[in-house]
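# Secondary and tertiary structure notes
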Amino acid sequence: MTLPRLKRSTLGDDVYDSLRSAVLEHVMKPGDRVNIDALARDLEVSPTPVREALARLESEGLVRKRPLAGYTVSPLLTRAEFTDMFDLRLLLECAAARWAASRATPEQCSALVAEAARTIEPGDDRKWHAAFTALDARLHDLVAEASGSPLLRESITRLHAHLHLHRRYFPYAQTAVTNDEHQRIAAAIDSADPDAAEEAMRRHLTRARERHLVAFQD
C-alpha cells in the first residue's frame, strides 16, 4: 500500500485526511487490520498522529477498535443499514431545513448561499474525492447549524452519512446535479420559505438515495 506523502504544516490533519481518503477509496479495504507502525512508516511520521487520526476515524465509524485486537477498517453498509440511515436523514434533515428557513441569521444565509455556489470539478485522485466529500458535509452542516437546534445538529453530525455513502459508491457523473440541489436548498432558506426548504431537502435526499442505491444492485 502506498500513501501520499504529507506536505502541509498541520501534520495531524494531514494524517487524518490521508487515512480517511485511503478508507474512502478502498486503498484500505473493508475488514483490513490497521498496522499503526506500518502506516507511520509509509507516511514518514511518528505513531502518535496516526493514533490520533484513527481515533477521529473511529468516531466517524470508518474504523473500529477492539480490545487487544487494535483497529480494523469498518465493513460497508448493508442495504438495510443504508435504508435505515436514509429514513433517519429524511426525518432529521428535512426538519433542519424547515427550521433554518425561519431561524437562520442573515450571516448564516449568506454562508449557505456561498457554500452552495462552490463547485469542485471531478478528477481522478483521492484529493478531489476528499474535497467533494468535505464540500457535501459542510453544506449539510451549515443547514443543521442554521436550524438553531444544537441537539438536532449533533444528531445529524453523528450520522456521518457523507462519508459512508461515498465510501460505498461514488456517482461521479452526478456531482453537477448534487450542486444544483444544494443551491435550491440554500435559496429556499435564504428566502425564508420553510415549505420550499423542506421540500428541496426532501427531494435532494430522495434523489441521493436513488443515486447511491446502485451500489446495492447485483
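Everything in this summary refers to the structure shown in the same document. Not measured: the values here are computed from a predicted model. (Residues numbered from 1 in each chain as written. Predicted model: local features only at pLDDT ≥ 70, side-chain atom pairs only at ≥ 80, totals over all residues. Heavy atoms only, no water.)

### Some details on unusual backbone geometry
For clarity, the cut-off: With a 1.4 Å probe rolled over the protein chains alone, any residue whose accessible area is under 20% of its type maximum counts as buried; one over 50% counts as exposed, and the rest are partly exposed.
Positive phi is not limited to glycine here, since E44 has a value of about 60 degrees. You can call E44 exposed: its relative accessible area is 53%. Phi at L68 is positive, roughly 65 degrees, even though this residue is not glycine.

### Here's the deal with the pairing of strand β2 (residues 70-73)
Here is the rule: Being paired, for any two strands, means DSSP has found at least two bridges between them. Counting from the N terminus, the helices are DSSP H or I runs at least four residues long and the strands are E runs at least two residues long.
Bridge count between strand β1 (residues 63-66) and β2: four bridges; the pairing is antiparallel. For R64, the partnering residue across the bridge sits in β2 and is T72. Between β1 and β2, which pair antiparallel one after the other, the connecting turn spans three residues, and L68 there sits at a positive phi close to 65 degrees.

### Focus on the side chain of H164
Put simply, the test is: Polar contact is the term for a pair of N or O atoms within 3.5 Å; when the atoms are in protein, one must be able to donate a hydrogen and the other to accept it, and sequence-neighboring residues count only if both atoms are side-chain atoms. Pairs of residues are marked as contacts when any of their non-hydrogen atoms sit within 4.5 Å.
Summarising the element assignment, H164 is placed in helix α8 (residues 161-168). Here the side chain of H164 touches E60 through a polar contact of 3.1 Å, landing on its backbone oxygen. Discounting residues that sit within four places of it in the chain, H164 has contacts with E60, G61, L62, L77 and L159.

### Describing helix α3 (residues 47-59)
The cut-off we apply is this: Multiplying 1.5 Å by the helix residue count minus one yields the expected span of that helix. What the arc describes is the spread of directions from the helix axis to the C-beta atoms.
Here α3 is 13 residues long and its end C-alpha atoms lie 19 Å apart, about the 18 Å a rise of 1.5 Å per residue gives. Listed as buried for α3 are P49, V50, A53, L54 and L57. Angular distribution of buried residues about the axis of α3 spans 140 degrees; they occupy a single face of the element. For α3, the elements touching its buried residues are α1 (11-24), α2 (36-43), β1 and β2.

### Focus on the packing of α2 against α3
Which entries qualify depends on this criterion: To obtain an axis, a line is fitted to C-alpha atoms, over the contacting stretch when the element is a helix, and the angle between two such axes runs from 0 to 180 degrees between their N-to-C directions. Angular relationships are summarised with four words: roughly parallel below 35 degrees, roughly antiparallel beyond 145, roughly perpendicular across 65 to 115, and oblique for the angles in between. By the definition used in this description, the sense in which the near helix is turned from the far one sets the handedness, with an anticlockwise turn below a right angle giving left-handed and a clockwise turn giving right-handed. When residues are grouped by polarity, Ala, Val, Leu, Ile, Met, Phe, Trp, Tyr, Cys and Pro land in nonpolar, Asp, Glu, Lys and Arg in charged, and all others, Gly among them, in polar.
Orientation of α2 relative to α3, taken along the N-to-C sense of each, is 115 degrees, at an axis distance of 9 Å. Taken together, α2 and α3 sit at an angle that is classed as roughly perpendicular. The two elements α2 and α3 cross, and the hand of that crossing is right-handed. Between α2 and α3, the contacting residues are I36, D37, L39 and A40 on the first element and P47, V50, R51 and L54 on the second. Residue composition of the contact of α2 with α3, grouped by class: six nonpolar, no polar and two charged.

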